[in-house]
Amino acid sequence: MSTLALVAASDVPALAQAGAASPPPEPSASPSAPETPAPTQPLPQQSPPATEQTPSPPSQAQGGNVLPETRVVAPAERRPRTPPPRQVVRRQPAPTQTQAPNEAATQAQVVAQQNQKFDAARQNIFPPIGAGSFEMNRQAIESLPQGNNTTLDKALLQFPGVHQDSAASGELHVRNEHANLQYRINGIMLPDGVGGFGQILDTGIVGNMALLTGALPAQYGLRTAGVLDITTKADAFDNSGKVSVYGGSHQTITPFAEYGGTVGQTQYYVSGRYLYNNLGIENPTPANEAIHDRTQQEKGFAYVSTVIDPNSRITYIGGVSNALYQIPNNPGQPSNFQLGNITRFDSAFLNERQSELNQFNVVAYQHSAEGIDYQLSYFNRYSQLHFWPDPTGDLLINGISSSVYRQSYVNGIQEDTAWRIADAHTLRFGFTTSAERSLVTGINATFPSDPVSGGQAFDPTTGAPLPPVTIYDSSSKLGWLFGAYVQDEWKITNNLTLNAGLRFDQMWQYVDANQFSPRISLTWVPQDGTTVHAGYARTFTPPQQVIAAPTNIALFQGTVAAPAVTQNNPVLPERAHIFDAGVVQKIWPIPGLEVGLDGYVKLARDLLDDGQFGQAYVLNGFNYAKANNIGLEFKASYTKGNLKLYGNVAWARQIGKNVVSNQFLFDPDELAYIATHYIYTDHSQWVTASAGASYQWYDTKFTASMIYGSGLRSGFANTDHVPSYTQVNVGVSQDFYLVAPNKPTTVRFDVVNLFDKIYEIRDGSGIGVFAPQFGPRRGFFVGISQKI
């Protein structure tokens, strides 16, 4: 039976697309403790197309018999792609020489089994009942071009309804929402950072990630456009690791290392990555190489989990990201002001820079006994962002040079409980509370303005421009968030589940507000292979505290930086009604084919949006008084043998009306137009699509992926949009067994933007868009990794 289990495990699809009612996948056994095959039978295999048996040197068998070694080539689709271990029957060794290693292996297996039990219990605490779900496991990430060198945001573009944006505008959007995405690691919510474009998480840590959308259960609050639930790798504790180096175009070089193991009752895993390239942020020109765009980034991650007793374990998760960026230059920008005798500055020589530091720590205690599973967690996160201007160039080109500093420190507690009170009822309840100390500071140099013309002021006697003045604007705040929920999962029949809950959220920040939010959903499985879900959710979304920090616009009066609009109402929380329904269907006449369709409607009041309203690569928030968001998503996946295919198409539209906060950020004509007209939000896109394929041929894997966008909004009040685009990436990887049969050396070659499509993500116009950004030009990358 153990060999059959190994073969079954090898056929797990790389990409799982399922409705929320589908049970979570059971964790796989730790590689450190495989079941021992029967000594008298060779390991059964599925031919990849051919199976070969190779005799090996005889070894001493139990009872004095000499048996030949039987080696069977692994099926091509198995991951990791390593030849099966040699199955050799050996004489029982002396206990004093080998008993300790055998005991260690057994102990590691027991620890792995205990952690699998806790992982399954955690899945019971956080089930996505009634929500739409799209999953990508470790194998699927490695089947993307670039493999685990793919950044997290680029991997997410392969999910339905997710489209790309520039780094300055949030990198990606889920269902046409801006920023309203929640990140969780092992069910624990990570607090928001200070914005910017540094990513704290690396795909190397991901064992599985699921994007939950739609009418979320009551346990999910705050960021509700989507929840990215990341489960750390469960197969990383076999006292082994990997080292790799990857690089290529744009002077890219990125070494990576990871190692995990088991010591006693403790499992641990650590990883680290360094990245250097000459395309840190999108190029504002269509050229192959950007000007002044180097980046250096370091990321680290640690996971430690200890089983305290058969019913309890404690886990630590920590990560850090440190990044330095040059802000890329757009040549040919006009100089609009004069500084002393200097009247012109070549924008190709601007020297703007930005640094970002993010780190988080989580300590979680989990207990499961007598029908009750709960997890109590403490979390903190520190974020820091600093934008350095070019003091001379920014003044001459923009009339203002701003040094921007943002800092945030969050501490919080989260508790979640699942109580099986009856066969048909599971009660879930919990709370989250956090405190955030934020600091937003701007040191601005700008020119005095002429009281008549409003332009730059000059000395009436000498005719020389008046020297710039310095304006210091700072805002600090200790804010609090609190949320609590209760919900009941009621299995009305074996095929019909009702999940009803109530959530309460309270914010004490620059604005104090609260809301009770009912949630209800039905999940119906009329037959095997069909899952239907429908739900309603009331949501309450506070703005990020650093993005909602007020600006003292009175300080800028009498300068060329004074806004034309003087309204400056505070940023409000968003309140919305969400309706969602969908179906996932396995197409039985075509084995391996699964399709899904999901539709949603969102009706919002005080819709939150963000934008870059100056040369600093930071975001400022505002609200639309009324908004609605509707969409339809189609997804499909197909697996046959070693071939895996998937595709997604989404149609969506988000429109808003009447800006009711931070109005000073807008041009008076645009503000007046939006007050009486529904307009498309700047990040709204009509059609989004993605697709991918992978094929395993022996130890060689061929991969391809594609993204399509109909174009983000542009022009006056977002009334236009940039042209559509398609980007195709391809890759190939090959395993060699140079070190050991179970330690492959993997070599890969990837091409990003295969057809060298030149396209704009942004054209520099539209609400909250400061500069153009182009997609990456064609790039060639190679890498090598070694399992250790």
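Given the structure is predicted, the values throughout are model-derived calculations rather than measurements. (Residues numbered from 1 in each chain as written. Predicted model: local features only at pLDDT ≥ 70, side-chain atom pairs only at ≥ 80, totals over all residues. Heavy atoms only, no water.)

Trainee: Sorry if this is basic, but what is going on with helix α6 (residues 668–676) here?
Mentor: Within the span of α6, buried status applies to Glu-670, Leu-671 and Ile-674. Angularly, the buried residues of α6 cover 100° about the axis, an arc narrow enough to put them on a single face. Opposite the buried face of α6, at more than 90 degrees from it, the exposed residues are Asp-669 and Thr-676. Looking at the buried residues of α6, the elements they touch are β26 (620–640), β27 (643–659) and β28 (679–680). (Buried < 20%, exposed > 50% of the residue type's maximum accessible area, 1.4 Å probe, protein only. Helix = DSSP H or I, 4+ residues; strand = E, 2+ residues; numbered from the N terminus. Arc of directions from axis to C-beta. Contact = heavy atoms within 4.5 Å.)

Trainee: Can you walk me through empty space enclosed by the protein in this structure?
Mentor: Once rolled over the atoms, a probe with the size of a water molecule shows which space is left empty. On inspection of all chains with the given rule, the structure shows 19 cavities of 30 Å³ or more. The calculated volume of the second largest cavity comes to roughly 880 Å³. Leu-181, Tyr-183, Asp-192, Gly-193 and Gln-544 are the residues nearest the centre of the second largest cavity, which is lined by 47 residues in total. Listing elements by their share of the lining of the second largest cavity, those giving two or more residues are α4 (152–156), β6 (172–174), β7 (181–185), β17 (372–388), β19 (425–446) and β20 (469–491). Residue composition of the lining of the second largest cavity, by class: 23 nonpolar, 16 polar and eight charged. (1 Å grid on protein atoms, 1.4 Å probe; cavity = no way out; pocket = protein on both sides within 12 Å on 5 of 7 lines; lining within 4 Å. Points joined across faces, edges and corners; volume = space filled by probe spheres on them. Nonpolar A, V, L, I, M, F, W, Y, C, P; charged D, E, K, R; others polar.)

Trainee: Where do I start with the nonpolar core in this structure?
Mentor: Considering soluble globular proteins, one finds that nonpolar side chains tend to be buried as a cluster. Counting residues in each nonpolar core, the largest one holds 43 residues, and the members touching the most others are Leu-201, Met-209 and Phe-360. Core analysis: the next-biggest nonpolar cluster, separate from the first, contains 17 residues, Ala-604, Phe-664, Ala-717 and Ile-767 among them. (Core = buried A, V, L, I, M, F, W, Y, C linked by side-chain atoms within 4.5 Å.)

Trainee: What's the story with a nonpolar patch on the surface in this structure? I'm lost.
Mentor: Taken together, the side chains of Val-304, Ile-308, Ile-314, Tyr-316, Val-363, Leu-376, Tyr-378, Tyr-409 and Ile-413 make up a nonpolar region of the molecular surface, amounting to roughly 700 Å² of accessible area. Of the residues examined, Ile-314 reaches a relative accessible area of 35% and is grouped as partly exposed. (Patch = residues over 30% accessible without salt bridge, like charges linked within 9 Å, V, L, I, M, F, W, Y side chains within 5 Å. Areas by Shrake-Rupley, 256 points an atom, 1.4 Å probe, with all protein chains shown as cover. Salt bridge = Lys/Arg side-chain N within 4 Å of Asp/Glu carboxyl O.)

Trainee: What's the story with the environment of Thr-700 in this structure? I'm lost.
Mentor: With respect to the helices, strands and loops of the structure, Thr-700 is situated in strand β30 (residues 700–709). Separated by 33 residues in sequence, Thr-700 and Ser-733 place their C-alpha atoms 5.7 Å apart.

Trainee: Help me understand the side chain of Thr-252 in this model?
Mentor: Relative to the elements of secondary structure, Thr-252 occurs in strand β12 (residues 252–263). On the accessibility criterion, Thr-252 (13% relative accessible area) is buried. At 2.7 Å, the side chain of Thr-252 and the backbone oxygen of Ser-249 are in polar contact. In this view, Thr-252 contacts Tyr-246, Gly-247, Leu-275, Tyr-276, Asn-277 and Phe-781; residues no more than four positions away in its chain are not counted. (Polar contact = N/O pair within 3.5 Å; in protein donor to acceptor, adjacent residues only side chain to side chain.)

Take it as geometry only, folks, not as evidence of what the structure does.
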